[in-house]
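Summary of structural features
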Amino acid sequence: MSENGLNGHRNNLTSLQWKVGFINSEQKYLTAETFGHKINASGTGLKKRQAWTLEQDPKEEVVYIRSHLGRYLSSDRYGNITGECEEPGRSEKFSIEYNDKGQWAIKNVEHGCYVGGIDNNVIGHNKPPTSTEWWTLQLAIHPQVNLKNVNRKVYARLAAEEGEIQFTEVIPWGQDCLIILKFVEGKYALVTCDNRYLHRDGHLVEELSPETLFTIELKSGQISGLALKDVDGCYLTAVGHTAVMKARNRAITKDELFTIEDSHPQVTFTSHTGRIVSIKQGVDVSANQEEVTDRETFQLEFDKNSKKWAIRTVDNTYWAVASGTSGIQATSKDIKNNCLFDLAWQREGSITIKAFNNYYIYNKATGSLLANSDAISEKEKFRIRLVNRPVLVMKGEFGFVAFKVPGSAKAEYVCNKSVYDLIFLEATERGIYHFKGHNNKYWSIGEDGSLFADSTGPTPFILEFRGQSMFTVKAPDGSFLKGERNGIFKATGKEVNASTLWEF
C-alpha cells in the first residue's frame, strides 16, 4: 500500500489508510515507544515513532489507529491507553470529533473516553474534551501527491489559463496533476505546480491567507475518504461540468471526499540519436520524435518484489517485450514478467534498460526499440528526463531538506526539518539537473561537501531512481547527497543506503 493513502487491505476488507501524526496543545507528538509498548506525548518531530496509520472501517464510522510497530491503540474501561494489540477489536475502535479549529478529539467507542494528555501522561477521560484532548492532525506523507475525487473517480489537474484546479484527468499525467500539500499552523494549503494556492472560492492566488487554508476530516463507512474544510465551515468539492475545486457545501457527500495517491515519476527517454522515444505511431515504441507531448511521456512504476520497473503510457498500457521479435510494444494492460525492466545508471548520467530476457534495449536505425543486445555501447544508452517535478520536496531518513536558518543570507541546507522548503528543478536534455532554492539561487557545494543555495550559476547533478518515489542525487565528483541525524546535509555519500536515499 502507498503511504499516501491508496486503498489497502485489512482483514480481507478493503479500507482506506492514512499515515498521520497527532500534535497536542503543547506542540508535542503522540508517540509509540519501540520498547515496552509505552504511549506518550513527548515527540518533538514527526519521525517514525510519531507516525500512526488510520485504518478506516468500510462498514462503520470508526477508525483503527496503528503504530509503526504494527500494533493498535486501545483503551480499557479505566482509561488506560496502550499500544499492544496486534489485531483490532472492539476496544480498538475510535470515532473522531472535530472542533471549530479543525482539531480532532479521539474517542474510544467501547468505553467512551477521549485520548489526551501531555508528556508521559496519556490517558482516556470520560468527559467532554478540553485542551489536552484536542489534537492537530499532520499527514505523515510526502506532500507531492495526486488528488482523486471519490465520486467522479478522476484526478485533479491545474487548468492554468482558467486559474483553477479541475477534476478531469482519468490518469494523472504530467506536472499539471501534481498537488503539493503545504502544512501551515495545523491546516493545509493546496499548492499547484506553478506555486499558486487554491482559494476557497475556487481561484488560484499568489499569496497564502486564511481563505487558502483547510482542515482535514475523515469519513468512514461504506463511503470513505478525506474532506477539506475552509475557514467558513464549507467543504471543498467539485462543481459543474468542469468539476472546479471550490468550497461550497456544509455537509459531506461523495463529491466532498478525496483520496491521496503517490505521484509516480514521469519521464522522457532520448536515444543516442537525439530522438525522443514515443508511442505516437501506435503500439510500437520507437525513438523517432523531436518534441514532447503526453505520448512521449512515460510513468515509471517500481515493482517491490522484483526490484524492477514497469513503464506505463498515457494510454494506460505498459511497455512489453513482444514474443518472437523482441520488439518493445505498448500492448500490455497489466504488469507481467515481460513488462519489467532493469534501469541501470551509467557514470555520465545515461541509463541502460535491460529486459526480462537479459538483453539490453537499443534503437534500430528506423527508431524501433529492440531487446536483443548483449553488450553496452552508445546505442544501448538513453537519456532520461524527469518532467513532472518542476519543484521538489526532498524528504530523507531524518526529515525534510530546508534552509538551516530561514531567510539567512548563507542559505545553507539541513535535512532534519519538520517543514520543507520548495526546491526548483531544472532538467536538461542530457539527463543532468540543476537545483535552485526558493531564493532563486542555484545550489553550490562547499569545500566540505555542504549544500548551499547561493550561486548565480548551476552545478550539475545526476538523479538516479532507486525505488518507489525514491532517488539518489550524485554530485559532480561522484559522491551522493547524504543526510545525518543531526541535520548535516553534504555531498559525501559513497554508497546507496538509507542516508543517501531521498523521497520525492
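These figures come from a predicted structure and were not determined experimentally.

**Let's talk about the overall build of the chain**
- Helix and strand counts for the chain come out as 0 helices and 50 strands.
- Against the 2.2 N^0.38 benchmark of 23 Å for 504 residues, the chain shows a C-alpha radius of gyration of 24 Å, consistent with a compact globule.
- Its C-alpha atoms give the chain principal-axis dimensions of about 75 × 50 × 45 Å.
- Split into buried and exposed, the 504 residues of the chain put 57% on the buried side.
- Pairs at least 24 apart in sequence give 51% of the contacts found in the chain among residues at least 6 apart.
- Within the structure as shown, the chain displays about 21,500 Å² of accessible surface, and the carbon and sulfur contribution to it stands at 45%.
- Each charge sign in the chain was given a centre, from 60 positive and 62 negative side chains, and these centres are 3 Å apart.

**Some thoughts on the domain arrangement of the chain**
- Each assigned domain of the chain is listed here: domain 1 (6–139), domain 2 (144–262), domain 3 (266–386) and domain 4 (391–503).
- Inter-centroid distance (C-alpha atoms) of domain 2 to domain 3 is 34 Å.
- Facing 4 residues of domain 2, the contacting portion of domain 3 comprises 9 residues.
- Between domain 2 and domain 3 the total buried area reaches about 510 Å² when both faces are included, carbon and sulfur atoms providing 62% of it.
- Together, I171, W173 and G174 form the three largest contributors to the area buried by domain 2 at its contact with domain 3, with a combined 94%.
- For the pair domain 2 and domain 3, the interface holds 3 residue pairs in polar contact (both at pLDDT 80 or more).
- Partitioning the side of domain 2 that touches domain 3 into residue classes produces 3 nonpolar, 1 polar and no charged.

**A short note on the pairing of strand β42 (residues 423–427)**
- As judged from the 2 bridges shared by strand β38 (residues 391–392) and β42, these two strands associate in the antiparallel manner. In the sheet register, V391 faces β42, and the bridge partner there is F424.
- Where β42 meets strand β43 (residues 433–436), 4 bridges bridge the pair, whose relative direction is antiparallel. The residue of β43 that forms the bridge with L425 is F435.
- Here β42 folds back onto β43, and the loop between the two strands holds 5 residues, one of which, G431, carries a positive phi near 80°.

**Here's the deal with the nonpolar core**
- With 57 residues, the main nonpolar core has F22, L190 and M245 as its most contacted residues.
- At 5 residues, strand β2 (residues 13–23) tops the list of elements feeding residues into this core.
- Two domains each donate at least three residues to this core, and these are domain 1 (6–139) and domain 2 (144–262).
- Listed in part, the 54 residues of the second largest apolar core include L369, I423, A453 and A475.

**A short note on the side chain of Q138**
- Inspection of the secondary structure puts Q138 in strand β13 (residues 136–139).
- For Q138, the contacting residues outside a window of four places in its chain are V20, G21, I23, Y29, L46, F183, Y188 and S418.

**Examining the environment of E61**
- Take E61: it is sitting in the loop between β5 (52–56) and β6 (63–66).
- The sequence separation of E61 and E84 amounts to 23 residues, and the corresponding C-alpha distance is 23 Å.
- Here E61 is in contact with S95, K219 and S220, once residues within four sequence places are set aside.
- A polar atom in the side chain of E61 sits 2.9 Å from the side chain of K219.
- At a separation of 3.4 Å, a polar atom in the side chain of E61 contacts the main-chain amide nitrogen of S220.

**What about the pattern of salt bridges?**
- All told, the structure shown has 23 salt bridges when counted by the stated rule.
- Two residues, K379 and E380, come together in a salt bridge whose shortest N-O distance is 3.3 Å.
- Here E380 falls in the buried class, since its relative accessible area comes to 0%.
- Linking K474 and E464 is a salt bridge whose minimum nitrogen-to-oxygen distance equals 3.2 Å. Here K474 is found in strand β47 (residues 470–474), whereas its partner E464 is found in strand β46 (residues 462–467), with 10 residues between them in sequence.
- K474 gets classed as buried once you look at its relative accessible area, which sits at 17%.
- Given the relative accessible area of 2%, E464 is considered buried.
- Salt bridges sharing partners connect three or more residues here, namely R200, D230 and D232.

Rules and cut-offs
- Residues numbered from 1 in each chain as written.
- Predicted model: local features only at pLDDT ≥ 70, side-chain atom pairs only at ≥ 80, totals over all residues.
- Heavy atoms only, no water.
- Helix = DSSP H or I, 4+ residues; strand = E, 2+ residues; numbered from the N terminus.
- Rg over C-alpha atoms; globule rule 2.2 N^0.38 Å.
- Buried < 20%, exposed > 50% of the residue type's maximum accessible area, 1.4 Å probe, protein only.
- Contact = heavy atoms within 4.5 Å.
- Areas by Shrake-Rupley, 256 points an atom, 1.4 Å probe, with all protein chains shown as cover.
- Lys, Arg positive; Asp, Glu negative; His and termini not counted.
- Charge placed at Lys NZ, Arg CZ, Asp CG, Glu CD.
- Domains from an automatic or database assignment.
- Buried area = accessible area lost by both parts, 1.4 Å probe.
- Polar contact = N/O pair within 3.5 Å; in protein donor to acceptor, adjacent residues only side chain to side chain.
- Nonpolar A, V, L, I, M, F, W, Y, C, P; charged D, E, K, R; others polar.
- Pairing = 2+ DSSP bridges.
- Core = buried A, V, L, I, M, F, W, Y, C linked by side-chain atoms within 4.5 Å.
- Salt bridge = Lys/Arg side-chain N within 4 Å of Asp/Glu carboxyl O.

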